[in-house]
Amino acid sequence: MALIFQSEEMCLVQLFFQSESGYCCISELGELGLVQFKDLNPGTTAFQRKFIKEVRRCEEMERILWFLEKEITKAGIPMADASVLGEAPCARELLELESVIEKVDKDLKEINSSHEALKRNLTELLEMKYLLQMIQDFFEETPIDLPDRLTFSSHSLTPSSLSSLCRFVAGVIKQERFPAFERVLWRVCRGNFFLRHSEIQARFEDPVATILKKEVFIIFLQGEQFKGKIGKICEGFGLTASHSKALNHCFICDHVILVFFSPKVLNQTNEHRHNVLTSAAVNIQNWKTKVKKMKAIYHTLNLCSIDITQKLVIAEIWCPVSDLSEIHSALIKGSEKSGSSLHPVLHRIESQQTPPTFNRTTSFTSSFQTIIDSYGVGDYQEINPAPFTIITFPFLFAVMFGDCGHGLIMTLFATWMILQEGHFKRLKNEVCALSDTLFSGRYILLLMGLFSVYTGLIYNDCFSKSLSIFASAWNVRAMFQPTGPWTNHTVHSSVTLQLDPVSPGVFSGSPYPFGIDPIWNLSSNKLTFLNSYKMKMSVIFGVVHMLFGIMLSLGNYMEPRNILLQFVPEVTFMLALFGYLVFLIIFKWCAVPSSASRRAPSILLHFINMMMFSYPESSDSFLYGSQVGCIVQIFLVVTALLMVPWMLLVKPLIILKEQKKEQRSTKELVSWQKKRNSESIQHLEGDTVFLQVNMGDVFVHQAIHTIEYCLGCVSNTASYLRLWALSLAHAELSEVLWKMVPHVALSARAYLGSLMLTVIFAIFAILTVTILLIMEGLSAFLHALRLHCKFAGVPVTLFAEFSPEMSQ
Amino acid sequence: MVTLLCCGPKMAACGIVLSIWGVIMLVLLGIFFNVHSAVLFEDVPFTENDFQDKNPPQEIYRLYEKVSYNCFIAAAIYALLGGFSFCQVRLNKRKEYMVR
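Remember, predicted model here, so these are calculated numbers, not experimental data.

### Observations regarding the overall build of chain B
Secondary structure summary: chain B contains two helices and zero strands in total. Principal-axis analysis of the C-alpha atoms places the extent of chain B at approximately 70 × 25 × 15 Å. Counting all 100 residues of chain B, 33% fall into the buried class. Here the analysis covers contacts within chain B between residues at least 6 apart in sequence; of these, 74% occur between residues at least 24 apart. In chain B, 9 side chains carry a positive charge and 8 a negative one; their mean positions are 25 Å apart.

In structure tokens, the structure reads:
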């Protein structure tokens, strides 16, 4: 169990295995997910690495798979999930997978291109059809005064006979470009042409799938030159215009036939494409996982070094000491799978480098570890605050959230999520990131809910109403005559009445056994009492939590003299000032009876006077005897003030003294060496210069640390008052919600009060969940997180285990 | 025949949760009003006249009981709503089962 208090002990291990079994061994290690590979070829670029070709092939396959996935989602076909998370494929499968994927890719490309071509053809043919129709219409509606020898039937058009009289050019153009086209024609032909145009009713689709509107135009002109000019203009606009000679009678029939058949071919192409995509969709997720794993394995193989004989692969890994046997067995399994006779060799080596930090977590502790890691990963083998966070974090949350009704709902929700774990894990890829976060924090939520029920019982707050589990300790009847001062007249004439605990019988003498007395829920000065209580409680929790943090950090001190130089003054400073404050609070709670309440000294004023060394003459201002109190307080303040220079100066001065001693000894060495050899002098002088620069650093570092600590003490203690502030906010919100919502329904005197209650209860439930649970819960979570940030360490490398699911 | 399925699966699940919560909370509230709990005093719809009573707490107790009956009736309505949501959930499951 001591393991979770510190990060794991890591070791550097060298692995030797044969080249043939390299692939399988690494895939086994990857499945295990316990090792981190060190890069043995740091100097080489990506192109010089041995397995770069395989990595390129994997990347090519990934690209094809990505393209496939896009096509599948565009076609709206559902993809099957990655089925059994099987083992990584062996090297032979690389070729097989590659060929299958490339075949699918080629098929798809062919289908796509033929689809494009067919569509283009269809568009052209349709344009032609409309063109011909329009020309026909045009010649019908304007009867041309022709010589008799020309026959002109209404059903067929003979453009070839007309062409001897006049020429025309006809074509199709996009609607938005038409005005520009007309203007250019006008300028070029100087108005010597006749243009007719009409819009095509049907809409055309662009290859990019935007809808276009097109128009048909027909231009009548005279002269050959004009034909040439107009031809060039049409080219410039990118149109295919047909001259009158080209429009033939037979053309029309051919066109009609082709236009009729083209959609059918298009449909069949579409169907074939759909089939190919569907068959690919079944396997695509599996392929993706396999390719990803293969790429990871080859990437890792690139990190290893191959020796000269090309037969041996050497790898260096960081791994936890306790997992060495598992790794060894995984390697043996890998080498057996690849069919090689020699087993890989494990050789543990010593290293001067700091190993990466690894904290072993279960699914329960992992969420807490993530929270701590988000502030900064601890140093190697530093005390890990995560196991303590399991309790302190939910507790601080609960102090701010304390309501047993809301806590109960939270607990039930978290329990449901934990029971439905399997169901949620299967849905992992489909749900949004928010519910994923919520699900991974289910254990935190459970603990927060349980602790909230506990603090809710202490605050005696359940949906803003108190529970009278035991009898209240206050008795109103005793306020009346003859034991108390009230009469009937008093009751009728006053707006508020105050219960006086000094009167006999009003307060039973033994307080409510667990939590706050329920009678406070009915009183109008509830907040006066609760505010004072919660503020003092927050300060007490703050000082205790900070002291606990300092005690934990004791375990991180490597040298015993640092304990004296740093730990002792820190603790003394804290205890002298804030420990005394906590003592004052508790003493005042215990020692001042209600009969003396009018004269009770304010702790705040007391504390301020203490710091300013001002002691007024009246003896009332002391909680305990004034003489003793004066001496004790002066002593404490002076001690605390002395701690500051201790923290600031002692350690740097000691280091300075040590440097000076070393300098003197090296100077002696230098003068001795001068007699012998004059070459090594420059080397030693360089060292001493270097050491002097460091001294400034040491002083500055120590000063920063001292200031940070002292100011931090004060500001952190004050920041714990947020525990009070948020619990007050939560209680008030709860009360307002009750007054505004269910109160309306419960106090309805109408007969349909129950129906109103039904509707209003639903509103109350929804508002409770959204405002009080979600909003307040998130807010309290955030503030509890902020209070834990003092456990942050210097960011160091986190153990990045080799596990293909997480890589790239 | 008009289809009985009118809510989707999520809405039916919300309905069940709300109904269970409603039944439990309203029954408890009803019980607490019935035993004339002092903490719930402010929610009882009394007026100035109720204090001019011949027989001191009986009028207030009667009001307490009236509110508690309201709560029980509302709890019953939620029980019906819960049953309806449960039927919707079952119908949804059957529909899902048939499509597959």
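### What about the interface of chain A and chain B?
On the side of chain B, 25 residues touch chain A, which itself brings 24 residues to the contact. Together chain A and chain B conceal approximately 2,200 Å² of surface at their shared face, both sides included; 69% is due to carbon and sulfur atoms. Counting the contacts that link chain A with chain B gives one salt bridge. Here chain A and chain B share four residue pairs in polar contact (both at pLDDT 80 or more) between them. Of all the secondary-structure elements, those providing two or more residues to the side of chain A that touches chain B are α21 (722-740), α22 (742-746) and α23 (753-787) of chain A. Looking at which element gives the most residues to the side of chain A that touches chain B, the answer is α23(A), with eleven residues. Its residues assigned to classes, the side of chain A that touches chain B comprises twelve nonpolar, nine polar and three charged.

### Some thoughts on unusual backbone geometry
With an omega of 0°, the peptide bond between A:Gln481 and A:Pro482 qualifies as cis. Tracing the backbone shows A:Pro482 in the loop between α14 (442-459) and α15 (488-493). Backbone geometry places A:Phe463, a non-glycine residue, at a positive phi of 50°. Not every positive phi belongs to a glycine, and B:His36 is a case in point at roughly 55°. For B:His36, the position within the fold is in the loop between α1 (9-34) and α2 (56-99). Its relative accessible area of 24% is what places B:His36 among the partly exposed residues.

### What to know about the nonpolar core
All names here are of chain A. In terms of nonpolar packing, the biggest core is built from 64 residues, with Phe 573, Met 574 and Tyr 709 touching the most fellow members. For this core, the element with the highest residue contribution is helix α17 (residues 560-591), accounting for twelve residues. The residues contacting Phe 573, other than those within four sequence positions of it, are Ala 640, Met 643, Val 644, Tyr 709, Cys 710 and Cys 713. Grouped together as the second largest cluster of nonpolar side chains are 47 residues, Ile 72, Leu 303, Ala 315 and Ala 330 included.

### Section: the packing of aromatic side chains
Within the structure shown, the criterion is met by 27 aromatic pairs over all chains. Residues A:Phe395 and A:Phe451 carry aromatic rings whose centres are separated by 6.2 Å and whose planes lie at 75° to one another, so their mutual orientation is edge-to-face. On the criterion of sequence distance, the pair formed by A:Phe395 in helix α10 (residues 386-401) and A:Phe451 in helix α14 is long-range, its members being 56 residues apart. By relative accessible area, A:Phe395 is classed as partly exposed at 22%. With relative accessibility at 18%, the residue A:Phe451 sits in the buried group. The structure contains a cluster of three or more aromatic residues connected by ring pairs, namely A:Phe463, A:Trp738, A:Phe761, A:Phe764, B:Trp21 and B:Tyr78. Sitting above the plane of the A:Phe439 ring, A:Arg442 keeps its charged end 4.2 Å from the centroid. The cationic tip of A:Lys534 hangs over the ring face of A:Tyr459; the distance from NZ or CZ to the ring centre is 4.4 Å.

### Structural notes on the side chain of A:Asp323
Structurally, A:Asp323 is set in the loop between β10 (312-320) and α8 (324-337). Among all residues touching A:Asp323, those that are not within four sequence positions of it are A:Leu34 and A:Arg360.

### A word on the confidence of the model for chain A
Residues and elements named next belong to chain A. For chain A, mean pLDDT is 79; residues scoring 70 or higher make up 84% of the total. Across chain A, the element-wise mean pLDDT spans from 46 in helix α4 (residues 159-162) up to 94 in α14. Of the regions scoring below 50 in pLDDT, residues 146-165 engages in 21 contacts with residues more than four places distant in sequence or in other chains.

Reading the values: rules and limits
- Think of each chain on its own: its residues are numbered from 1, step by step along the sequence as written.
- Chain letters and ligand numbers both follow the written order, the letters beginning at A and the numbers at 1.
- Two thresholds apply to this predicted model, a pLDDT of at least 70 for residue-level local features and 80 or more for giving and counting side-chain atom pairs, whereas whole-chain, interface and lining totals are computed over all residues.
- The basis for the side-chain values is all heavy atoms of the structure; hydrogens and waters are excluded.
- Secondary structure elements follow DSSP: runs of H or I no shorter than four residues count as helices, runs of E no shorter than two count as strands, and numbering proceeds from the N terminus.
- Here the term buried applies to any residue with accessible area under 20% of the maximum for its type, exposed to any over 50%, and partly exposed to those in between, with areas from a 1.4 Å probe on protein chains only.
- The contact rule is simple, with two residues in contact once any of their heavy atoms fall within 4.5 Å.
- Positive charges come from Lys and Arg alone, negative charges from Asp and Glu alone, with His and the N- and C-terminal ends not counted.
- A charged residue contributes its charge at one atom only: NZ of Lys, CZ of Arg, CG of Asp or CD of Glu.
- Take the accessible area each of two parts loses on contact, using a 1.4 Å probe, and add the two losses: that sum is the buried area.
- Counted as salt bridges are all cases of a side-chain nitrogen of Lys or Arg within 4 Å of a carboxyl oxygen of Asp or Glu.
- Here a polar contact is recorded for every N or O atom pair within 3.5 Å, except that within protein the pair must consist of a potential hydrogen donor and a potential acceptor, and residues adjacent in sequence are included only if both atoms are side-chain atoms.
- Residues are grouped as follows: Ala, Val, Leu, Ile, Met, Phe, Trp, Tyr, Cys and Pro are nonpolar; Asp, Glu, Lys and Arg are charged; every other residue, Gly included, is polar.
- The nonpolar core is taken to be a set of buried Ala, Val, Leu, Ile, Met, Phe, Trp, Tyr and Cys residues, with the residues joined through side-chain atoms within 4.5 Å.
- The rule is short: rings of Phe, Tyr and Trp, with Trp giving its six-membered ring, pair when the centres are within 6.5 Å, and they are stacked under 30 degrees, edge-to-face over 60, tilted in between.
- For a Lys NZ or an Arg CZ to count as sitting over a ring, it must be within 6 Å of the ring centre and within 35 degrees of the ring normal.
- Confidence scores here are pLDDT values: one per residue, from the predictor, ranging 0 to 100.

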